[in-house]
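Structural overview
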Amino acid sequence: MGVWELLLVGVVIVLGLCGVLVPGVPGSWLVWAAVLWWALTDPQPLAWAVLVGATAVLLLSLTVRAALPPRRLRQSGATPGMGVYAGAGAFLGFVLLPVLGALPGFAAGIYLHERLRLGRHGEAMAALRTTMRSGGSSVLTELFACLLIAGAWLGAVLGG
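Residues numbered from 1 in each chain as written. Predicted model: local features only at pLDDT ≥ 70, side-chain atom pairs only at ≥ 80, totals over all residues. Heavy atoms only, no water.

**Structural notes on the pattern of salt bridges**
As a reminder, the rule being used: Any carboxyl oxygen of Asp or Glu within 4 Å of a side-chain nitrogen of Lys or Arg constitutes a salt bridge here. Only runs of H or I of at least four residues qualify as helices and only runs of E of at least two qualify as strands under DSSP, and these elements are numbered from the N terminus. Exposure classes here rest on a 1.4 Å probe applied to the protein chains alone. A residue is buried below 20% of its type maximum, exposed above 50%, and partly exposed in between.
Under the defined criterion, the tally for this structure stands at two salt bridges. A salt bridge links Arg65 to Glu142; the nearest nitrogen and oxygen atoms lie 3.7 Å apart. Taken together, the residues Arg65 in helix α3 (residues 45-67) and Glu142 in helix α7 (residues 121-159) connect sequence positions 77 residues apart. The exposure class of Glu142 is buried, given its relative accessible area of 5%. Between Arg117 and Glu114 there is a salt bridge whose closest N-O contact spans 2.6 Å.

**Remarks on the UniProt feature "transmembrane region" (unreviewed entry) in the protein chain**
Cut-off, in case you're wondering: UniProt positions are given in the numbering used here, feature names are shortened, and annotations may be inferred rather than shown by experiment.
UniProt's entry tags residues 6-39, 46-68, 88-112 and 139-158 with the feature "transmembrane region" (unreviewed entry), counted in the numbering of this structure. The span residues 88-112 is 80% helix and 0% strand, and its two end C-alpha atoms sit 11 Å from each other. Taken end to end, residues 139-158 comprises 100% helix and 0% strand; its first and last C-alpha atoms sit 28 Å apart.

Below is the structure:
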């Protein structure tokens, strides 16, 4: 697989990661489809292993999300700006504290957005709790699964 094709797969993965934060966009399926395309185009054992792992992670994510409360983020006051802060926080946390940093990074992004918007610590913490109870945990689950898949793909491309 050429460099341009790998970059295109990477762009689709990034679009999928952004799509997780946008309601109605099948972000996790875009990430999985990009890995599928890569595995079919470059049929190596490592590529197939990443595809199988991505499929398992995605199915596990769907199972966990089914057990969580349904998304009602709009009713909780979540805005697109909050999604940007949460996504950026999760990504930075994933990179700075590998893998597990996405969890506190997501919450820190929501907190920072609410702290800037509301101005007080107590109100920002209450808004963070409300957002996580209203479906933020479902978004976090899907985003974390997609970050794991993207990280595995990137590791396989750079390492193999």
